[in-house]
Amino acid sequence: APAPPPARHLFSDPAEVEALRGNLLAWYDRCKRDLPWRALAATEPDADRRGYAVWVSEIMLQQTQVATVIDYYNRWMQKWPTLQALAQASLEEVNELWAGLGYYSRGKRLQEAARKVVCELAGRMPRTAEDLQKLLPGVGRYTAGAIASISYGQATGVVDGNVIRVLCRLRCIGADSSSPAVVDRLWDMANVLVDRSRPGDFNQALMELGATVCVPKAPLCGECPVKQHCQAWRRKLFGKPPKVPDVEDCGVGDCPLCPPAMEPWDSSLGVTNFPRKAAKKPPRAMRTATCVLERRGCHGAPEYLIVQRPSSGLLAGLWEFPSLPLAQDLQEEREREELADHLQAWMGWPVAAKGLQFIGEVIHIFSHIHQTYVVYSLPLDGDMTLNPALSPSRWVTKDEFHASAVSTAMKKV
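Source: prediction; values computed, not measured.

Draft legend 1. Geometry of the packing of aromatic side chains. One pass over the full model with this rule turns up five aromatic pairs. Taking 5.7 Å as the distance between ring centres and 80° as the angle between the ring planes, the aromatic pair formed by Trp76 and Trp98 counts as edge-to-face. Here Trp98 lies in helix H6 (residues 91-98) and Trp76 lies in helix H4 (residues 66-79), a separation of 22 residues in the sequence. The class of Trp76 is buried, set by a relative accessible area of 0%. Consider the rings of Phe321 and Phe401, whose centres lie 5.1 Å apart with planes at 10°: the pair is stacked. Residue Phe321 is found in the loop between strand E3 (319-320) and strand E4 (323-326), and its partner Phe401 is found in helix H15 (residues 398-403); the two are separated by 80 residues along the sequence. There is no split in this pair, since Phe321 and Phe401 are both buried. Every member of this aromatic cluster is reached through a ring pair, and the members are Trp76, Trp80 and Trp98. Above the plane of the ring of Trp187 lies Arg141, whose end atom (NZ or CZ) is 4.1 Å from the centre. Positioned over the ring face of Phe274 is Arg276, at 6.0 Å from the centre of the ring.

This is how it looks when you write it as structure tokens:
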């Protein structure tokens, strides 16, 4: 069995835990940001509406910055203020509102879960983190804990990226913070720390601290309300201690929470020595040929052909210009030929590769893909009949295009 972490890495002193809770909550009451989902959670008397409001915010905030989410959240809650309203919406409507927010499967799962609550759970949100995670698709451990603590007062902790950073610095946890063993310890800590009388506020305070003060680079340690409890801050303040078993150097060599021996403390980094993560895999490179087919509409305005992506996979169900994945290192002439063959299948009549006008390249970075769109245009003189056996397609004006469920990458194109 792996060696247990020394108590000095954990929160084992009840007096310290109580002091940390009090300091953090007092700071949160003074300094918290005014965010629309917090206002709804604080004023909404209906438990299910409160849970729904928090749920939507937590799903939107996954992998997305607060400043970006606010406008999307307000428009979403105005359009679908209740679970029942969302359950009646179409996936197309959800995708249209979500367009530009990224990670589009989040919106799809949110709507699927809303329908499940309405159709299978009699419109009543699950009230505990355990039931939320078990019963709602797309709701993981963190989201379930956030909804249960903020909306329903369950004394359960939460661990997201901000909380990981704060806890790793508070207790000088230098092992890989994404490893299952360390994540389990962080959840244990979060559940020990959470304030029993104000669990939702405490969890939001811990996340707020990581988002605004204990930030990844250049943390504002002087403004931190819990710095006296922070082992990393003490180490920065007083320097490397002598070689004795302590939080900074357990002295046993196999502590599961200490930094690896080959990665010593870097005094120039201070508290940003923590947390440490395994190196990320570089995103894989992909090339896609994309063609903007243009015609004159009945009123003389240009119209563009868009087609719908498959219902699963990357950008599922969104609309795009006709596109074709390309093998790497293809010559431009061969790219044109493959795209012309692809378009010919749509239009039912030959497309000359030399008729495709090269416009340029667009680079878009997904979380795991470095995508290059090779963009061509093809103006059409007359109408065309599309193959109904292929993906759904339609002609749109420029305004209709921007109002459709299209990705940010296609808007760049």
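Draft legend 2. Layout of the nonpolar core. Counting residues in hydrophobic clusters, the biggest one holds 102 residues, and the most contacted among them are Tyr52, Trp55, Met60, Trp76, Leu186 and Leu209. The greatest single-element share of this core, amounting to eight residues, is contributed by helix H3 (residues 47-61). Looking at this core, you find at least three residues from each of domain 1 (7-273) and domain 2 (284-403). In this structure Trp76 touches Tyr52, Val56, Met60, Leu86, Val94, Leu97, Trp98 and Leu110, once residues within four positions along its chain are discounted. One finds Leu326, Ala340, Leu356 and Leu380 within the second-largest nonpolar core, a separate group that totals 18 residues.

Cut-offs used in this document
Residues numbered from 1 in each chain as written. Predicted model: local features only at pLDDT ≥ 70, side-chain atom pairs only at ≥ 80, totals over all residues. Heavy atoms only, no water. Phe/Tyr/Trp six-rings, centres within 6.5 Å; stacked < 30°, edge-to-face > 60°. Helix = DSSP H or I, 4+ residues; strand = E, 2+ residues; numbered from the N terminus. Buried < 20%, exposed > 50% of the residue type's maximum accessible area, 1.4 Å probe, protein only. Lys NZ or Arg CZ within 6 Å of the ring centre and 35° of its normal. Core = buried A, V, L, I, M, F, W, Y, C linked by side-chain atoms within 4.5 Å. Domains from an automatic or database assignment. Contact = heavy atoms within 4.5 Å.

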